[in-house]
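# Overview (structure and organization)
Spelled out, the chains give:
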Amino acid sequence: MAKVRLSGQLICSTAADSALVRQYLGEHTRLTRAEPGCLSFEVTETDDPLIWKVEELFVDQAAFDAHQAQTKASEWAEKTAAIRRSYQITTE
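Criteria and cut-off values
Residues numbered from 1 in each chain as written. Predicted model: local features only at pLDDT ≥ 70, side-chain atom pairs only at ≥ 80, totals over all residues. Heavy atoms only, no water. Salt bridge = Lys/Arg side-chain N within 4 Å of Asp/Glu carboxyl O. Helix = DSSP H or I, 4+ residues; strand = E, 2+ residues; numbered from the N terminus. Buried < 20%, exposed > 50% of the residue type's maximum accessible area, 1.4 Å probe, protein only. Pairing = 2+ DSSP bridges.

## Some words on the pattern of salt bridges
Side chains that differ in sign of charge can pair as their charged atoms come close. Counted according to the given criterion, the structure contains four salt bridges. Note that Glu27 is salt-bridged to Arg30, the shortest N-O span being 2.7 Å. Of the two residues, Glu27 and Arg30 are both situated in helix 1 (residues 15-33); the distance of three residues between them amounts to about one turn of the helix. You can call Glu27 partly exposed: its relative accessible area is 42%.

## Description of the pairing of strand 1 (residues 4-11)
Within a regular strand, side chains alternate between the sheet's two faces. In this structure, strand 1 lies alongside strand 3 (residues 51-58), joined through eight bridges in antiparallel fashion. Within strand 3, the position partnered with Ser7 by the bridge is Glu55. Strand direction decides the pairing type here: strand 1 and strand 4 (residues 84-91), joined by eight bridges, are antiparallel. Within the sheet, the bridge partner assigned to Leu10 lies in strand 4 and is Arg85.

This is how it looks when you write it as structure tokens:
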């Protein structure tokens, strides 16, 4: 089975968007790390206060797909929907 890696950025338009990320990220991170098949999940601020680095690793495609489904139905997705995402998904 191939591991699935997502790498990329959250790209905020305003300081208010960054504040939303800060407000809802902790719970989203906690829930994601508790998901079966999550090997790592990191969202970190960069030197640019509007850009956040995203790194995720899941044991396989099924675990990644389950994460995506959970995320789409989450408060995180609702509150940060307007924030642009730029992701690359690869297998290892």
